[in-house]
Every structure is written in structure tokens, then in C-alpha cells.
Amino acid sequence: MADDKVYKNYINGEWVDSVSGATYENRNPADNRELIGLFQKSNAEDVNNAIVAADEAYKKWRLVPAPKRGELLFKVAQKLDEKKEMISQDMTREMGKIIKETRGDTQEAIDMGYYMAGEGRRQFGETTPSEMRNKFQMSIRQPMGVCAMITPWNFPIAIPSWKIFPALVCGNTVVIKPATYTPLSVLHFMEIFDECGIPPGVVNMVTGSGSSVGEPLMNDKRVRLVSFTGSSEVGSLVSQACAPDFKHCMLEMGGKNGQLVMDDAKLELAIEGALWGAFGTTGQRCTATSRVIVHKDVYKEFVERFVERAKAIKIGNGLDESVEMGPAVSESQMNTVLEYMQIGKKEGAKMHCGGGRVTGGDYDHGWFTEPTVFSDVTEDMRIFQEEIFGSVTSITVCDSLEDGINKLNNVVYGLSASVYTQDVNKAFTAMRDVYTGIFYVNAPTIGAEISLPFGGTKATGNGHREAGKQALEVFSEWKAVYIDFSGALQKAQIDEFEIE
Ligand code: NAD
């Protein structure tokens, strides 16, 4: 445990203070009297030191056989597993989500470690027949160099693991800037790399703000790729920073995910799914169910039963195993959510429960917001269109499958969606016609697994995917190789080949 401790940056295999000499406080959002620790308030010079280390380490790391790199990742995954409870408890303390969910977050990193360790023995390329005699051709993957990672606070270890493991197994080196609110989880990750004997400079962590650490990192010419997860606003800045140097840029951004409930759905299942999707992680998931679109024939019943259940959610400190929903991550996040509750009311949506901060006793020391349900939400309302990232969900009526699908699609984002129906034809139609990166049938909009590609369309992403074997596409580049063993000059597309 970590009370009143000063935590350092991890650069070139050493724990070092920022050259700024300054630190910032990280406090528990469920009880802001608790100081989690002091973290380095780093600047451009620290970023430079980390990039120098990563650049130097790359020369050797890229030549370590990929299966060996994989074996090291396997050890890291084992160590994460051994330390799972400690990491998860600290994550709940620094981020607020309930302990069951932080265990899930850590488990996702473990799963990703084992998965990517296996990729050390795959990373398949292709061989294809040549048009010429006595010529061999194949494609191979090559690493890229220093990869920069800028990560959000809502999945403090899972998201860094989605980036770091595939980057390393492909032979790249890493500089990560964790979210300002959740550096401790990434620091534990670094401790494990260190204990497992990762060579100095292969992974580096620099803590601090977006402007003083993120910006110099994404603007540095020695960085070959920036992998970013966060808001679409900052993602756009990352993309612009990468453009002048043609840096690769992987963006995973916001969502406004919808669950469609058809008239033939198992209603209890759909209600449970929407509750978990909307209020799990206090609604602070990129895949959160912030819209529920319900067929008119079951709308009234759905709203009544859903609201009753939302009212009963137990709110509190996530370390208490019986608590179902923790606080917002910060005061400013809480204020944003409270503001959206007012916006919904002003727009004329019907608020059934919630609408404010949870106060009284210990709650006064945390950033707790009530589970809030709006119905009669229309497509023109901001609460239908904008990402809220908190304990608010909106219910909208639809009168057919086609209407429901149109409503699911009618937002700028395209991360996740789901349909509840017992009709296989409706399920497949929705699967085909909803334009998102992730789609569920009879399950909520949250709950992705690491072996399939993760990411979204439209304002959610720029076409790349994390996780699964698709992650290798992000962290390696293809090289096409031709070997002519004919002993003569053969000209592709020009020489005629005669069949003898
Ligand atoms: P954010 O965009 O505010 O911050 C993300 C990261 O960018 C942080 O590390 C932050 O310090 C850094 N940053 C901020 N300003 C920067 C700048 N000017 N230059 C460089 N870096 C900068 O997002 P957040 O509040 O941490 O996370 C919430 C957002 O993340 C939501 O929009 C959510 O949907 C999104 N998210 C998306 C996914 C996904 O996979 N699609 C997953 C999780 C979260």
C-alpha cells in the first residue's frame, strides 16, 4: 500500500524524480481525505530523457528473438496475476470503481499479457508464388521504433496493457504517459516489468499533465507512433500533432452507445443488461450504455421496471464488496455529470430518478452522483447526442426495428451497440446495419474480450483496432521481400513468361 508516498518516473530502468522537482497529489475520489501519493509533475526534459532511453534500447530490443520477447511478457502476466489483489485495491483507491471491476481491469491486463506472449511465436507473414521462375517472395513484420502511449483513467491498467504488450512483442520500445488521475496503476505495471528483468529503456513511464508531458511526447520527431485513448477533442489534437512528421497515429476515443430493446426481448434480461451497461464503472466506460432505445409496445413497462432497479443501486466506496457503484473520478468529472442532469431537465426529458450529487456523512468527502434515468428523450437533445461519461442514461422510444437501428446510428460516435430480441432475423439485421466497431446480441454494450479487435467507427476512432491479432497491425509495419535465385535479371510485369 502506498499512503503518503512519493512516486517516481521510470526511465531507463531507474526510478527518478522529475527534473522539475515538483510533484502533484493523487487523492481517493471516494474519500478525498485520503492521499494516494505524490507523483512527479514532469516536463519536456523528462520526456526527452525517456525518449533518449527508449531510442537507445530499441537498437537491441528489436533484435531479441520475438519468442524470447514473448516469454518475458508471459512472466509479466504471471506476476500481474500474483499481484492482482494489491493492484486492484490500489486501483479502486485511486480511481473509484468498485473492487469487482478493478479486479476485472487487472484480469484484462493479465489476459492480454498471455495472449501477446503467444504472438511472440506467431506474427505470421505470407509467402505468395512469384510470377517469375526461380524467385521467392514473402512478407515479414518489422518493428517501428519508439512508441508513445497516452492513456485515460477509466481503465487504468487494462488500456496501457492493450498498448504496451503488443508494442513490445513486435520489438518496439515504449514511453507511456498515464492519465493524471491514475498513475499508480501504471506504476505498478512498471514495477512488474522491472522485477521481470525488462532491459533498461524498453519501457518508460513519465507522469504529469497532458500539456506538459503529452504534448512534447506526441510532438517529438523520434517517436514513430502515438497510441492514444481518450476524448475525441484531445484525439483530434494528437492526430494534428502526428501529421507533419507522418507519424503513425492510433486513436480510440469517445462513445455514445445504445442498447436496442425489441418488443419480443426477454425484458428482465434487457433491464439487467441496461443497468450493468449504464451504471457499471459509474457510467465512465467508453462503451457505457448511455442510450436505451425501446420498442413502443414494451416502452412503458421497461421504463417503470428499469427506474425501480436504478433507484436501488448501492452507492459508496468501491472497496466495500457490497457496493455496486463508486464515485466519479474527480470533482470536475462530477460537475460535468451534474451539468448534464440539468441539461436533460431543461431540454424537456422526463427525469425519473437521480439528478444530483449524493451527500451526507462520508458521501460529502467523495464525488458521488446519483444514478439518473431520463425517458422521452428525443434525437435532437444533447443528452441523446453527447458523451456524458457518468451515471446518466436516456431512454428513447422506437416503433420498429428499422427506426431503432436508425436511432442507434444517429450519433457522431460508433463504438458499441447492442440488440435484445428473440428473433434471429432481427438480430442479424441489426448486426449488419448498425455502424459500430463492437456489437452485442442479448448482452449489454460493455464486456469486450481481448481476443477480438476493440475500437470504433466515426468520431470514435481512426480505423485502427486494439487487442486481438489486429493490434499487431498497429505496432508493426509490413516489409515485402523478393529473392531472385535465377541468376539473371527478371523484370516484373515486363518479361513474358512462356510455358514450355
Ligand atoms: P482525455 O482526452 O481528457 O485524456 C486522455 C489522455 O490524454 C490523458 O492521459 C490526458 O492527460 C492526455 N491529454 C489531455 N490533454 C492533452 C493534450 N493537449 N496533449 C496530449 N495529451 C493530452 O480523456 P479522459 O478524460 O482521460 O478519458 C475519458 C475519455 O476517454 C472518454 O471520451 C472516453 O470515451 C474515452 N475512452 C475511449 C476508449 C476507447 O477505447 N474508445 C476507452 C476508454 C476511454
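Our structure is the block above this text.
All chains use their own residue numbering, which begins from 1 and follows the written sequence. The model is predicted, so local features are restricted to residues of pLDDT at least 70 and side-chain atom pairs to those at 80 or more, both for listing and for counting; the totals for chains, interfaces and linings are taken over all residues. Side-chain descriptors were evaluated using all non-hydrogen atoms of the structure, hydrogens and water having been removed beforehand.

(A) Broad picture of the packing of aromatic side chains. Between 30 and 60 degrees the pair is tilted, below 30 it is stacked and above 60 it is edge-to-face, where a pair is any two Phe, Tyr or Trp rings, Trp via its six-membered ring, whose centres lie within 6.5 Å. Per the stated rule, a full pass over the model turns up twelve aromatic pairs. Taken together, a centroid distance of 6.2 Å and an interplanar angle of 40° make the contact between Y24 and F39 tilted. Of this pair, Y24 sits in strand β3 (residues 23–28) while F39 sits in strand β4 (residues 31–40), placing them 15 residues apart in sequence. Take Y24 and F39: they sit in the same class, and that class is buried. Geometrically, the ring pair formed by F165 and F189 is edge-to-face, given 5.5 Å between the ring centres and 70° between the ring planes. With a gap of 24 residues between them, F165 in helix α5 (residues 158–169) and F189 in helix α6 (residues 183–195) connect regions that are remote in the sequence. With respect to class, F165 is no different from F189; both count as buried. The criterion is that NZ of a Lys, or CZ of an Arg, lies within 6 Å of the ring centre and within 35 degrees of the ring normal, and then a charge sits over that ring. R285 extends its terminal NZ or CZ atom over the ring of W276, reaching a point 5.5 Å from the ring centre. Here the basic side chain of R291 rests over the ring of F384, its NZ or CZ set 4.7 Å away from the ring centre. Numbering goes from the N terminus for both helices and strands, where a helix is a DSSP run of H or I of at least four residues and a strand is a run of E of at least two. We call a residue buried when its accessible area falls under 20% of the maximum for its residue type, exposed when it is over 50%, and partly exposed in between, using a 1.4 Å probe and counting protein chains only.

(B) Region of the structure containing the pairing of strand β16 (residues 392–398). Taking burial as the measure, the seven residues of β16 include six buried ones, the bulk of the element. The criterion for strand pairing is that DSSP finds at least two bridges linking the strands in question. With five bridges connecting them, strand β13 (residues 289–295) and β16 associate as parallel partners. Note on β16: the bridge partner recorded for V292 is I395. One ladder, built from three bridges, connects strand β15 (residues 372–375) with β16; its direction is parallel. Bridged to T372 within β16 is V392.

(C) Spotlight on the site of the ligand. In the region of the ligand, 29 residues are neighbours, and T151, S231, M253, C286 and E387 sit closest. For the ligand, an oxygen atom lies 3.3 Å from a polar atom in the backbone of G230. The definition of a polar contact used here is a pair of N or O atoms within 3.5 Å, where within protein one atom must be able to donate a hydrogen and the other to accept one, and adjacent residues in sequence count solely through side-chain atom pairs. E387 is positioned such that a nitrogen or oxygen atom in its side chain is 2.6 Å from an oxygen atom of the ligand. Coverage of the ligand by the protein amounts to 88% of the 850 Å² it exposes when considered alone. If you list the elements that add at least two residues to the shell around the ligand, you get α7 (210–219), β10 (223–229) and α8 (232–242). In terms of residue count, the dominant contributor to the shell around the ligand is α7 (four residues). The source of the domain bounds is an automatic or database domain assignment. Counting residues domain by domain, the shell around the ligand receives three or more from each of domain 1 (9–253 + 461–480) and domain 2 (257–441). Whether a residue is near a molecule or strand depends on its heavy atoms: it is near if one of them lies within 4 Å of it. Each accessible area is a Shrake-Rupley result for a 1.4 Å probe, and residues are judged covered by the shown protein chains and nothing else.

(D) Structural view of the packing of helix α1 (residues 44–61) against α7. Two elements in contact, α1 and α7, have axes whose closest approach is 8 Å; the angle formed by their N-to-C orientations is 45°. Comparing the axis directions of α1 and α7 gives the class oblique. The element α1 and its partner α7 pack so that their crossing is right-handed. Where α1 abuts α7, its residues A44, V47 and I51 lie against S212, V213, P216 and L217. In this classification, Asp, Glu, Lys and Arg are treated as charged, Ala, Val, Leu, Ile, Met, Phe, Trp, Tyr, Cys and Pro as nonpolar, and every other residue, Gly included, as polar. Across the contact of α1 with α7, the residue classes tally to six nonpolar, one polar and no charged. Each axis is a line fitted through C-alpha atoms, and for a helix only the stretch in contact is used; angles between axes span 0 to 180 degrees, taken between their N-to-C directions. Angle categories are assigned with fixed cut-offs, so that under 35 degrees is roughly parallel, over 145 is roughly antiparallel, 65 to 115 is roughly perpendicular, and the rest are oblique. Take the far helix as your reference; a near helix turned counterclockwise from it by less than a right angle gives a left-handed crossing, and one turned clockwise gives a right-handed crossing. Contact definition: two residues touch when any of their heavy atoms are within 4.5 Å.

(E) Expanded view of the nonpolar core. Nonpolar cores were defined as sets of buried Ala, Val, Leu, Ile, Met, Phe, Trp, Tyr and Cys residues, with membership established by side-chain atoms within 4.5 Å. Membership of the largest hydrophobic core comes to 59 residues, with the highest contact counts inside it found for L80, I164, L168 and F193. Per-element tally for this core: the top contributor is α5, with eight residues. Counting contributing residues, this core receives three or more from each of domain 1 (9–253 + 461–480) and domain 2 (257–441). Those residues in contact with L168, other than ones at most four positions away along the chain, are W61, R69, L73, V174, F193, I198, V202 and V203. Counting 28 residues, the second-largest nonpolar core is a separate cluster that includes V292, F302, V303 and A310.

(F) Examining the packing of helix α4 (residues 99–119) against α5 more closely. Packing of α4 against α5 leaves a shortest axis separation of 9 Å and a crossing angle of 10°. Overall, the two elements α4 and α5 adopt an arrangement that is roughly parallel. Facing D105, E108, A109, M112, G113, M116 and E119 of α4, the residues of α5 in contact are A158, S161, W162, F165, P166 and V169. Partitioned by chemical class, the residues of the contact of α4 with α5 number eight nonpolar, two polar and three charged.

(G) Spatial organisation of the side chain of T92. Tracing the chain through its elements places T92 in helix α3 (residues 84–95). A relative accessible area of 1% places T92 in the buried class. One polar contact links the side chain of T92 to the main-chain carbonyl oxygen of K97, over a distance of 3.0 Å. Residue contacts for T92: discarding those within four places in its chain leaves N28, K97, I98, I99, T102, G318 and L319.

(H) Geometry of unusual backbone geometry. A positive phi angle is found at N134, which is not glycine, with a value near 50°. Following the sequence through the fold, N134 ends up in the loop between β5 (126–127) and β6 (135–142). Although it is not a glycine, T282 sits at a positive phi angle of roughly 55°. Position of T282 relative to the elements: it lies in the loop between α9 (267–279) and β13.

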